[in-house]
Number of protein chains: 2
Amino acid sequence: MHLVVSYYCTNGMSNLISRENTKVPEPTLRRLPWYLSNVKLLKQKGEQFISSTQISKEINIDASQIAKDLSYVNISGRTRVGYEIDRLIEVLEDFLGFTKTHKAFLFGVGSLGGALLQDSGLSHFGLQIVAAFDIKPELVGTSIGGIPIYHSDEFTARMKEYDVNIGVLTVPIQIAQQITDSMVEGGIKAVWNFTPFRIRVSEHIVVQNTSLYAHLAVMFNRLNLNGEQK
Amino acid sequence: MHLVVSYYCTNGMSNLISRENTKVPEPTLRRLPWYLSNVKLLKQKGEQFISSTQISKEINIDASQIAKDLSYVNISGRTRVGYEIDRLIEVLEDFLGFTKTHKAFLFGVGSLGGALLQDSGLSHFGLQIVAAFDIKPELVGTSIGGIPIYHSDEFTARMKEYDVNIGVLTVPIQIAQQITDSMVEGGIKAVWNFTPFRIRVSEHIVVQNTSLYAHLAVMFNRLNLNGEQK
């Protein structure tokens with residue numbers, strides 16, 4: 001669908017790496033955006049080349065781990081010089097899918113759903129929410145941040161209108177599974193689940209869980225633990 | 001600070017579990033909210049007792065894993081009957097810190113920061129953002145969702161006014177480290193980092209990273225992989 005197999009040649013070294021059959025480990029995928037933001041910052045400071053050792057110093061991750069993570073991305077560095085920063089940013093953004101627009105529907109315009117509709121930052125990272133669904137009469141027919149809110153009954157019809165394969169799930173837990181089922185039945189291929197409910201889907205559907213509440217629980221617990229130790 | 005050591009006795013079985021010295025593993029802390037939301041749902045359906053086997057069937061996690069996770073929480077189940085639902089909800093919410101109000105400051109009222117200020121749902125899980133900081137003249141002195149926005153220079157003074165130990169970080173990556181440093185210097189004990197930047201703090205400071213962009217990267221990658229396999 002969208003996999004870069006690039007030929008990159010620097011200083012006599014050449015690499016043709018095609019890893020389209022390799023499943024990139026999730027921890028690697030989560031670390032790559034760290035490298036990206038760090039490298040962007042160094043570019044702003046006027047740097048042109050960066051080595052994994054330098055990145056390592058900046059963000060306190062083992063240099064060998066960084067080199068290993070970057071081996072999934074189609075870029076090779078020059079010995080003693082490192083990676084060309086412009087090229088690394090370009091390749092990372094492309095690899096992470098941030099340069100392509102992925103259209104999404106949002107389900108459930110409650111407090112969090114409404115907040116996400118207003119977060120225009122998501123579009124800078126490749127996610128464009130094109131429409132939202134809810135059943136509340138006071139919401140249906142209105143829009144938030146320019147994004148129209150339709151009645152949930154219209155979902156199937158709107159799937160034909162928009163070219164969407166991602167669903168953002170921000171409904172109450174009581175209906176999380178039911179809405180997921182209807183999303184998938186309607187043709188959604190990936191669910192970004194913000195509810196604290198563990199939804200079940202068939203194997204070929206991608207689920208990304210982002211429960212802010214689970215993260216809060218971890219933070220509260222660690223905070224209390226530190227308090228105890230004093 | 002806030003650790004429950006409860007004595008719970010059912011049906012002749014008794015348990016006095018005091019695990020305040022045990023660090024609960026992060027995966028456990030992330031799974032507990034799943035159990036909580038599931039058990040809440042079963043309560044709404046009229047159930048009074050629940051076993052780990054039943055939870056297991058609902059959310060597709062091994063029953064032994066669930067029992068192990070719940071062993072960190074101060075509750076014991078009855079043989080063949082399971083956990084009393086009301087009690088389990090109460091104990092889990094308390095254990096996860098959702099019943100206590102944790103006050104927080106938010107730093108950086110951009111797109112995501114502004115969205116989080118409008119998400120009243122956080123307060124139902126124990127996080128109350130009491131003030132926000134930014135430097136933009138058009139923001140300073142205004143409020144979003146009833147939460148006042150102060151100039152960043154006022155942070156130290158406001159720390160004395162509010163009883164806050166959590167900082168929500170939603171600033172641009174260029175200043176993520178600098179703002180973190182001043183937060184910690186001002187007395188913040190835990191940083192909820194929404195930026196894609198890996199901040200560095202001293203050992204006794206809690207950092208919870210929630211990078212929506214990292215989660216997007218994982219989702220996009222898996223989605224493309226599924227597309228490839230077809």
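Residues numbered from 1 in each chain as written. Chains lettered and ligands numbered in written order. Predicted model: local features only at pLDDT ≥ 70, side-chain atom pairs only at ≥ 80, totals over all residues. Heavy atoms only, no water.

Colleague: Even after reading the chapter, I still don't get the overall build of chain A, so can you show me in this structure?
Modeller: Within chain A, the secondary structure is distributed over nine helices and 11 strands. For chain A, with 230 residues in total, the buried portion stands at 53%. Put simply, of all contacts in chain A between residues at least 6 apart along the chain, 56% involve residues at least 24 apart. Total accessible area on chain A is roughly 10,400 Å²; 48% of this is exposed by carbon and sulfur atoms. (Helix = DSSP H or I, 4+ residues; strand = E, 2+ residues; numbered from the N terminus. Buried < 20%, exposed > 50% of the residue type's maximum accessible area, 1.4 Å probe, protein only. Contact = heavy atoms within 4.5 Å. Areas by Shrake-Rupley, 256 points an atom, 1.4 Å probe, with all protein chains shown as cover.)

Colleague: Explain the relation of the copies chain A and chain B here, please?
Modeller: The relation between the two copies of this chain is a rotation about an axis and a shift parallel to it. Turning chain A through 180° and shifting it by 0.0 Å along the axis lays it on chain B, with an RMSD of 0.0 Å. In the structure described here, the two chain copies are related by an operation that fits a two-fold rotation axis. Residue A115(A) of chain A places its C-alpha closer to the rotation axis than any other residue of that unit, at 2.2 Å. A high fraction, 100%, of the interface residues of chain A reappear at the interface in chain B, so the copies pair face to face through one surface. (Least-squares fit on C-alpha atoms with pLDDT ≥ 70 in both.)

Colleague: What's the story with the packing of aromatic side chains in this structure? I'm lost.
Modeller: To describe a pair of aromatic rings, you give the distance between the ring centres and the angle between the ring planes. The tally for this structure, following the rule as stated, stands at 22 aromatic pairs over all chains. For the ring pair F125(A) and Y213(B), a centre distance of 3.7 Å and an interplane angle of 15° mean the geometry is stacked. Of the two residues, F125(A) is situated in the loop between α6 (121-124) and β6 (127-134) and Y213(B) in helix α9 (residues 212-229); the pairing between them involves two chains. An identical accessibility class is assigned to F125(A) and Y213(B); each is buried. Linked through ring pairs, F105(A), F107(A), F133(A), Y150(A), F155(A) and Y162(A) together constitute an aromatic cluster. Here the guanidinium or amino end of R198(A) rests over the ring plane of W34(B), the centre of that ring lying 4.6 Å away. (Phe/Tyr/Trp six-rings, centres within 6.5 Å; stacked < 30°, edge-to-face > 60°. Lys NZ or Arg CZ within 6 Å of the ring centre and 35° of its normal.)

Colleague: So what exactly am I meant to see when it comes to the interface of chain A and chain B here?
Modeller: Where interface size is quoted, it is often the accessible area lost as the parts come together. Taken together, the contact pairs 77 residues of chain A with 77 residues of chain B. Carbon and sulfur atoms supply 66% of the area that chain A and chain B bury against each other, a total of about 7,300 Å² over both sides. Together, R198(A), H215(A) and M219(A) form the three largest contributors to the area buried by chain A at its contact with chain B, with a combined 10%. At the junction of chain A with chain B, the criterion picks out zero salt bridges. Seen at the junction of chain A and chain B, the total is 22 residue pairs in polar contact (both at pLDDT 80 or more). Broken down by secondary-structure element, the contributors of at least two residues to the side of chain A that touches chain B are α1 (26-44), α2 (52-59), α5 (111-117), α6, β10 (190-193), β11 (206-209) and α9 (212-229) of chain A. No other element matches α9(A), which puts 17 residues into the side of chain A that touches chain B. Of the residues that constitute the side of chain A that touches chain B, the class distribution is 38 nonpolar, 24 polar and 15 charged. (Buried area = accessible area lost by both parts, 1.4 Å probe. Salt bridge = Lys/Arg side-chain N within 4 Å of Asp/Glu carboxyl O. Polar contact = N/O pair within 3.5 Å; in protein donor to acceptor, adjacent residues only side chain to side chain. Nonpolar A, V, L, I, M, F, W, Y, C, P; charged D, E, K, R; others polar.)

Colleague: Is there a simple way to think about the side chain of N38(B) in this case?
Modeller: Mapping N38(B) onto the fold places it in helix α1 (residues 26-44). For N38(B), a relative accessible area of 1% gives the class buried.

Colleague: What is the right way to read the pairing of strand β6 (residues 127-134) of chain B from this model?
Modeller: A regular strand carries its side chains on alternate faces of the sheet. Residue and element names in this part refer to chain B. Where burial is concerned, most of β6 is hidden: seven out of the eight residues are buried. Inspection of the sheet shows β6 paired to strand β8 (residues 147-151) by three bridges, in the parallel sense. For F133, the partnering residue across the bridge sits in β8 and is Y150. (Pairing = 2+ DSSP bridges.)

Colleague: What's the story with the sheet that holds strand β11 (residues 206-209) of chain B in this structure? I'm lost.
Modeller: Two strands in a sheet stick together by hydrogen bonds in their backbones, pointing the same way (parallel) or opposite ways (antiparallel). Residues and elements named next belong to chain B. Strand order in this open sheet of seven strands is β7-β8-β6-β5-β9-β10-β11, and the pairing throughout is mixed. The sheet is open, and its two borders are formed by β7 (143-144) and β11, each paired with just one other strand. Sheet topology places strand β10 (residues 190-193) next to β11; four bridges connect them, and they run parallel. When the sheet's bridge partners are listed, A190 is paired in β11 with V206. Sheet strands touched by helix α8 (residues 176-185): β5 (102-107), β9 (166-169) and β10. Its angle to β9, the strand with the most contacts, is close to 170°. (Axes fitted to C-alpha atoms, helices over the stretch in contact; angles between N-to-C directions.)

Colleague: So what exactly am I meant to see when it comes to the sheet that holds β11(A) here?
Modeller: All names here are of chain A. In spatial order, the strands read β7-β8-β6-β5-β9-β10-β11; together these seven strands make up an open sheet with mixed pairing. Every interior strand has two partners, whereas the edge strands, β7 (143-144) and β11, have only one. Across six bridges, the pairing between strand β5 (residues 102-107) and β6 is parallel. In the strand pairing of β6, H102 is matched with L127. Across the sheet, helix α8 (residues 176-185) is in contact with β5, β9 (166-169) and β10; its angle to β9 comes to roughly 170°.

Colleague: For this particular structure, what's the right way to read the environment of V140(A)?
Modeller: All names here are of chain A. As for its placement among the helices and strands, V140 is situated in the loop between β6 and β7. With a relative accessible area of 27%, V140 lands in the partly exposed category. Linking V140 and V109, residues 31 residues apart in sequence, is a C-alpha distance of 9.7 Å. Contact partners of V140, with chain neighbours within four places excluded, come to D134, I135, I149, Y150 and H151.

Colleague: I tried to follow the environment of R222(B) on my own but got confused; where do I start?
Modeller: Within the secondary structure layout, R222(B) lies in helix α9. Look past the residues within four positions of R222(B) in its chain and what remains in contact with it is K23(A), V24(A), P25(A), E26(A), L29(A) and V206(A). There is a polar contact of 3.2 Å between the side chain of R222(B) and the side chain of N221(B).

Colleague: Would you mind showing me how to read the nonpolar core here?
Modeller: What tends to happen in soluble globular proteins is that the nonpolar side chains get buried as a cluster. Of all hydrophobic cores here, the largest spans 110 residues; its most connected members are Y35(A), L127(A), L216(A), Y35(B), L127(B) and L216(B). If near-sequence neighbours (up to four positions away) are discounted, Y35(A) is found in contact with I55(A), I59(A), I61(A), Q65(A), I66(A), D69(A), L70(A) and L92(A). (Core = buried A, V, L, I, M, F, W, Y, C linked by side-chain atoms within 4.5 Å.)

Colleague: Which parts of the structure should I look at to understand the side chain of S37(A)?
Modeller: Mapping S37(A) onto the fold places it in helix α1. The exposure class assigned to S37(A) is buried, which follows from its relative accessible area of 4%. Polar contacts involving the side chain of S37(A) include one to the main-chain carbonyl oxygen of W34(A), which spans 3.1 Å. For S37(A), the contacting residues outside a window of four places in its chain are I173(B), P196(B) and F197(B).

Colleague: How should I be thinking about unusual backbone geometry in this particular structure?
Modeller: Of all residues except glycine, most have a negative phi; of all peptide bonds, most are trans. Positive phi is not limited to glycine here, since N60(A) has a value of about 60°. Here N60(A) lies in the loop between α2 and α3 (63-70).

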